[in-house]
Amino acid sequence: MRSVQALAVAVLSVLTISDVSCAAEPKSGGIFRIYHRDSPGSASIHEGATYSVNIPFMPIFNNLVIFDQHIAQNSADTIRPELAESWAWSGDNKTLTFKLRKDVKWHDGKPFTAADVKCTFDMLMGKSQQKFRQNPRKSWYDQVDEITTNGDYEASFKLKRPQPALLSLLASGYSPVYPCHVSPAEMRTKPVGTGPFKFVEFKANESIKLTKNPDYFKKGLPYLDGIEFTIITNRSTAILGFVSGKFDMTFPTEVSIPLLKDVKSQDPKAVCMVEPNNVSTNIIINSSGPPFDNLDIRRALALALDRKAFIQIMFEGQGDIGGTMEPAPDGLWAMPKEMLEQIPGYGPDIEKNREEARKLMQKAGYGPDKHLQIKVSTRNIAVYRDPAIILIDQIKSIYIDAELDVVDTAQWFPKIARKDYSLGLNLTGNAVDEPDQSFYENYACGSERNYTNYCNKDIEKLFDQQSEETNIDKRKKLVWEIDKKLQEDVARPIIFHARTGTCWKPYVKNVTIMSNSSYNGYRYEDVWLDK
Amino acid sequence: MFAYIVRRLFLMLVTLFGISVIIFVLLRVVPGNIVDILFDAAGFVDPADKANLERELGLNQPIVIQYLHWIGGLLHGDLGYSYVSEKPALEEILPRIPITARLAGLALLFSASIGIPLGVISAVHQGSKLDYALRVVSLSGLSLPSFWLGLLILMASVSLFGTMPIFNPNPKTWLEALTIYAVPAMAVGFRSAALTMRITRSSMLEILRQDYIRTARAKGASEASVNYRHALKNAVLPVITVIGIEAAFLIGGLIVTETVFNIPGIARFLVEALRWRDYPIVQNLVMFIAVVVVVVNFIVDMLYAAIDPRIRFGD
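Residues numbered from 1 in each chain as written. Chains lettered and ligands numbered in written order. Predicted model: local features only at pLDDT ≥ 70, side-chain atom pairs only at ≥ 80, totals over all residues. Heavy atoms only, no water.

**So, the overall build of chain B**
Quick reminder of the rule: Numbering goes from the N terminus for both helices and strands, where a helix is a DSSP run of H or I of at least four residues and a strand is a run of E of at least two. Burial here depends on accessible area, computed with a 1.4 Å probe over protein chains only, as a share of the maximum for the residue type. Under 20% is buried, over 50% is exposed, and the range in between is partly exposed. By definition, residues are in contact when any of their heavy atoms lie within 4.5 Å.
When helices and strands are counted, chain B shows 14 helices and 0 strands. In chain B, the order of α-helices and β-strands from amino to carboxyl end is α-α-α-α-α-α-α-α-α-α-α-α-α-α. If one aligns the C-alpha atoms of chain B with their principal axes, the spans along those axes are about 85 × 60 × 35 Å. A buried classification covers 46% of the 315 residues belonging to chain B. Restricting the contact set of chain B to residue pairs at least 6 apart, pairs at least 24 apart contribute 74%.

**Remarks on empty space enclosed by the protein**
Picture a little ball the size of a water molecule; that probe, rolled over the atoms, points out where space is still empty. Going by this rule: With a 1 Å grid spanning the protein atoms alone, the term cavity applies to any set of points in which a 1.4 Å probe fits but cannot get out, the term pocket to an open set with protein on both sides within 12 Å along at least five of seven lines, and the term lining residue to any residue with an atom within 4 Å of a point. Grid points are joined across faces, edges and corners, and a volume is the space filled by probe spheres set on the points. Gly counts as polar in this scheme, as do all residues outside two lists: the nonpolar Ala, Val, Leu, Ile, Met, Phe, Trp, Tyr, Cys and Pro, and the charged Asp, Glu, Lys and Arg.
Within the structure shown, the criterion is met by 6 cavities of 30 Å³ or more. Taken as a whole, the largest cavity encloses approximately 120 Å³ of empty space. If you trace the largest cavity, you find 14 residues lining it, with A204 and N205 of chain A together with V84, F269 and D278 of chain B closest to the centre. It is helix 12 (residues 266-275) of chain B that contributes the most residues to the lining of the largest cavity, 3 residues altogether. Along the lines of polarity and charge, the residues of the lining of the largest cavity split into 7 nonpolar, 4 polar and 3 charged.

**Considerations on unusual backbone geometry**
The phi torsion of most residues other than glycine is negative, and most of the peptide bonds are trans. Residue and element names in this part refer to chain A. Here L221 and P222 are connected by a cis peptide whose omega angle stands at -5°. Its place among the elements puts P222 in the loop between strand 9 (207-212) and strand 10 (226-231). Its identity is not glycine, yet N93 carries a phi of approximately 60°, on the positive side. One can find N93 in the loop between strand 4 (84-89) and strand 5 (95-100). Unlike most non-glycine residues, K419 shows phi in positive territory, near 60°. On the secondary structure map, K419 appears in the loop between helix 13 (409-417) and strand 15 (423-429).

**A closer look at the packing of helix 15 (residues 457-468) of chain A against helix 16 (residues 472-488) of chain A**
To describe two helices that pack against each other, one gives the angle between their axes and the distance between the axes. Residues and elements named next belong to chain A. Let me state the cut-off plainly: Lines fitted to C-alpha atoms define the axes here, with helix axes fitted over just the stretch in contact, and angles between the N-to-C directions of these axes take values from 0 to 180 degrees. For classification purposes, an angle smaller than 35 degrees is called roughly parallel, one larger than 145 roughly antiparallel, one from 65 to 115 roughly perpendicular, and anything else oblique. Working rule for handedness: look at the near helix, and if it is turned counterclockwise from the far one by less than a right angle, call the crossing left-handed; if clockwise, right-handed.
Where helix 15 meets helix 16, the closest approach of the two axes is 9 Å, and the angle between their N-to-C directions is 155°. Between helix 15 and helix 16, the angle is such that the two are roughly antiparallel. For the pair helix 15 and helix 16, the sense of crossing is left-handed. Taking contact as the criterion, the partners of I459, L462, F463, Q465, Q466 and S467 in helix 15 are, on helix 16, R475, L478, V479, E481, I482, K485 and L486.

**Section: the interface of chain B and chain A**
Condition: Accessible area that two parts lose when put together, evaluated with a 1.4 Å probe and summed over both, is termed the buried area. Counted as salt bridges are all cases of a side-chain nitrogen of Lys or Arg within 4 Å of a carboxyl oxygen of Asp or Glu. Definition of a polar contact: a pair of N or O atoms within 3.5 Å, with one able to donate and the other able to accept a hydrogen when the atoms are protein atoms, and with sequence-neighbouring residues admitted only if both atoms are side-chain atoms.
In this complex, chain B contributes 41 residues to the contact, which on the side of chain A involves 40 residues. In this assembly, chain B packs against chain A so that about 3,500 Å² is buried in total across both faces, 54% of it on carbon and sulfur atoms. Across the contact surface, chain B and chain A share 4 salt bridges. With a closest N to O distance of 3.7 Å, R133 of chain A and E56 of chain B form a salt bridge. Between chain B and chain A we count 8 residue pairs in polar contact (both at pLDDT 80 or more) in total. Among the residues making up the side of chain B that touches chain A, the classes are represented as 22 nonpolar, 7 polar and 12 charged.

**Describing the state of the cysteines**
A disulfide bridge is the covalent bond that connects two cysteines by way of their sulfur atoms. Residue and element names in this part refer to chain A. Under the convention used in this document: In what follows, a disulfide is any cysteine sulfur pair within 2.5 Å.
Taken as a whole and judged by the stated rule, the model has 3 disulfides over all chains. Residue pairing for C119: its cysteine sulfur links by disulfide to C180, the two sulfurs lying 2.1 Å apart. With the S-S bond torsion at -125°, the cross-link from C119 to C180 turns out left-handed. On the criterion of sequence distance, the pair formed by C119 in helix 3 (residues 114-124) and C180 in the loop between helix 4 (166-170) and helix 5 (184-189) is long-range, its members being 61 residues apart. The class of C180 is partly exposed, set by a relative accessible area of 31%. A disulfide bridge connects C445 with C455, and the sulfur atoms are separated by 2.1 Å. Judged by the torsion about the S-S bond (95°), the C445/C455 disulfide is right-handed.

**Looking at the side chain of S122 of chain B**
Position of S122 of chain B among the secondary structure elements: in helix 6 (residues 97-124). In this structure S122 of chain B touches D131, L134, R135 and R201 of chain B, once residues within four positions along its chain are discounted.

**Considering the environment of I313 of chain A**
Looking at the secondary structure, you find I313 of chain A in helix 9 (residues 307-315). For the pair I313 of chain A and P387 of chain A, spaced 74 residues apart in sequence, the C-alpha to C-alpha distance is 9.2 Å.

**Description of the domain arrangement of chain B**
Residues and elements named next belong to chain B. Our working definition: Where each domain starts and ends comes from a domain assignment, either automatic or drawn from a database.
Along its sequence, chain B is carved into domain 1 (17-78) and domain 2 (101-307). At the junction of the two partners, domain 1 supplies 16 residues and domain 2 supplies 12 residues. The contact between domain 1 and domain 2 buries some 1,300 Å² in all, and 73% of this surface belongs to carbon and sulfur atoms. One can count 0 salt bridges joining domain 1 with domain 2. Counting residues per element, the ones that place at least two in the side of domain 1 that touches domain 2 are helix 1 (2-29), helix 2 (34-42) and helix 4 (63-75). Across the side of domain 1 that touches domain 2, the residue classes break down as 12 nonpolar, 3 polar and 1 charged.

**So, the nonpolar core**
Residue and element names in this part refer to chain A. So the rule is basically this: Nine residue types can take part in a nonpolar core, namely buried Ala, Val, Leu, Ile, Met, Phe, Trp, Tyr and Cys, and a core is a set of them joined through side-chain atoms within 4.5 Å.
In terms of nonpolar packing, the biggest core is built from 181 residues, with F32, F98, F121, F157 and I395 touching the most fellow members. When near neighbours in sequence (up to four residues on either side) are disregarded, F121 contacts L64, Y141, I147, F157, L170, S175 and V177. In this structure, M339, F439, A444 and Y454 belong to the second largest nonpolar core, which totals 21 residues.

**As for the sheet that holds strand 14 (residues 400-407) of chain A**
Residues and elements named next belong to chain A. We apply this condition: A pair of strands is treated as paired once DSSP finds two or more bridges between them.
Read from one edge to the other, the open sheet built from 6 strands follows the order 12-16-11-15-13-14, with strand pairing classed as mixed. The sheet terminates laterally at strand 12 (319-320) and strand 14, the two strands that pair on one side only. Packed onto the sheet, helix 13 meets strand 11 (271-285), strand 13 (372-379), strand 14 and strand 15 and runs at close to 125° relative to strand 13.

**Some points on the packing of aromatic side chains**
All names here are of chain A. The condition that has to hold: Two rings from Phe, Tyr or Trp (for Trp, the six-membered ring) form a pair when their centres are within 6.5 Å of each other. A pair whose planes differ by under 30 degrees is stacked, one over 60 is edge-to-face, and the rest are tilted. Note on criteria: charge over ring means Lys NZ or Arg CZ within 6 Å of the ring centre, with the direction from the centre no more than 35 degrees off the ring normal.
Under the counting rule described, the total for this entry stands at 24 aromatic pairs over all chains. Measuring from ring centre to ring centre gives 4.9 Å for Y216 and F217, while their planes differ by 50°; the resulting arrangement is tilted. When the centroid spacing of 5.3 Å and the interplanar angle of 70° are considered together, the rings of F315 and F496 count as edge-to-face. Of the two residues, F315 sits in helix 9 while F496 sits in strand 16 (residues 494-504), which places them 181 residues apart along the sequence. Of the two residues examined, F315 and F496, each falls in the buried class. Among the aromatic residues, ring-to-ring pairing joins F98, F121, W140, Y141 and F157 into one connected group. Of note, R37 hangs over the ring of Y51, and the distance from its end group to the ring centre comes to 4.5 Å. A cation sits over an aromatic face here: R137 above Y174, 3.6 Å from the ring centre.

**Side note on helix 7 (residues 129-143) of chain B**
Residue and element names in this part refer to chain B. Here is the rule: One fewer than the residue count of a helix, multiplied by 1.5 Å, yields its expected span. It is the directions from the helix axis to the C-beta atoms that the arc portrays.
The end-to-end C-alpha distance of helix 7 is 21 Å, a good match for the 21 Å that 15 residues give at a rise of 1.5 Å each. Listing the buried residues of helix 7 in full gives D131, L134, S138 and G141. When helix 7 is viewed along its axis, its buried side chains cluster within an angular range of 85° and face the same direction. In helix 7, the exposed positions angled more than 90 degrees off the buried face are occupied by K129, V136 and S143. The inward-facing, buried residues of helix 7 abut helix 6 and helix 9 (174-208).

This is how it looks when you write it as structure tokens:
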């Protein structure tokens, strides 16, 4: 049955690829209608940390550089110029200089210059007078010493040490250039960009409307007259809306595997893609006190996991097993399979792993007559709750009796920050398939998103070593070594990497769903409607 | 009657003051605030940024000062600013009120126009097959949740007609306008209709056993006259009370119905605002709903007093 499903997905993927490659001459016109899964808190991409913000507002902006919007796998080789015409690293790899386009205007008619680049990144680094309400990706620019400009059309990023990853971070959908003359508060409600679409309106809980920018610097683009997002929080209603033709596309990567079957049965002509999205489901462990300050118990926990069972139950087999970095072939930095299987708990013999886990538990003083009593905390959202329940069931086999502790979303991070939990079931989305982003954000000593306060100075040295490395093969080996050590240390055991679906009507052309990020593929400047 | 009205108005003001305090305190007792939720999206809480934002929104002030600030603004017609959209709360709330009002009005109309006649028919034909059938209908109305019924209607609409009503603030045709409001109104009003029907039936059955009904029949009055002129007029009193209470409870049903049918009314907006802990929106909206409920209760009591003079004099 699983092979039939895999075959169906493969056929679907091939059909979709051929659909793109055989596309006819693009036509201009039409409003691209998408439903939105919820009402974003603001329109400011720089202040957001969810693709609920990123997807509808990315078409308003441009970056200096961007990942090719039609190559599913983001990599350094797929980075293309946008506001920058070209870029160059200095000989010591410590300065990245961008030559900027001279024909770009903001949507309000003001010219785009290097000053806009400087003020955007100064604000992100916390160096300007104007402040963001929140600045979730400040750490991306930790190695940038300063931004300098040379006239109106050249900007340089001067680094404290080489960091080849910076270019990839700048190519993310999370890295648009903002105008200096518009305040951060205005950018939250009426964003002004240089991109293919202009902001029209954002009605909370209703809709987001964008219209074609007739003065876009890429002549002839965009093809669409506009994009409309209708906010529908009820997933059943939204899917029915897509099936009935009210929408041209579902919200990207929001169609779960079981729902995908419903869509295909009700609308067989719909084009559906299933892709990984670089979001891992993982366990956060409070090792600051008993019982998980005991490494044996942490290791026993890692050994008890049956990752395949999680994927089978939750995604009908459509998921991947890996470490911190997204698994291959879609992930660029994944450990080879043989290396992964050497890590305790990743071996294929689950019963053998659990036997070892039980021995470790007994060593720690627990056994058939004395079970460890804990709570598994998680957010009150299905994608969190469901794996938490499976986890509770699995760890029963190693003398751990756990109770589900469902936490209101508003209380989740304050609770984690207070260390008021034993085990937490967590989801971690990576904005870019890039070790610098993942390692520094989630595992560096003192990082705000390092919820477990994991701190290993030896591994930290390796973080810097791989970050500076310009030889890609050498860097990959360092990344694998780090990822393996993180799993062996039970820093944040990764359970699985999910895959999700996106569907669109066959007349929608030129949509590409990224396979190693959920955040970088929504410029939509050359998407068109064949109707 | 005048003294009665004045006394009721005074009680209304006291009730609204009490409600305002309860709303305000409860909202602050609920764990987490907008700042926690904003940082939740970012995946971490930066204590310095959090403190700045709390200061910016005035959340660092003592609760009494925050309350006085709100009430003072309310008395001057200033509802404050939404923390999420940063637009004036009034600007956010006002356009949504007519949408929900139309929906609620239609639902109540549906409830009364279906529930009362069917209740009378059921009572008049007590024990008949028709009575049993109508009782099954009313029981199903009370048992089926409105969100389930709403989804069923949407699914039927997609399977039968290949389309479904998605809210459009500017409907082009009369039919479109009707489907936008009438279908969800039916989904949410079905429960009220069922309740109204049951109350009308039991009230009618009680009245129909009264001596004066027998007397009316003995005088040779027609069945229609007995049922509608003599019985229904007296049986309708508890029905009016139920419809009044239902008007207050309707907001609960509308929350799910507005979500299922994607109607941007105040009920759904309230839930979203609560999710974000958008205090200015939540406290003003709940206050508005409280005013509506209190006023509806007042109107019901006045109607009661108008229909049954014993109430206004006896109170």
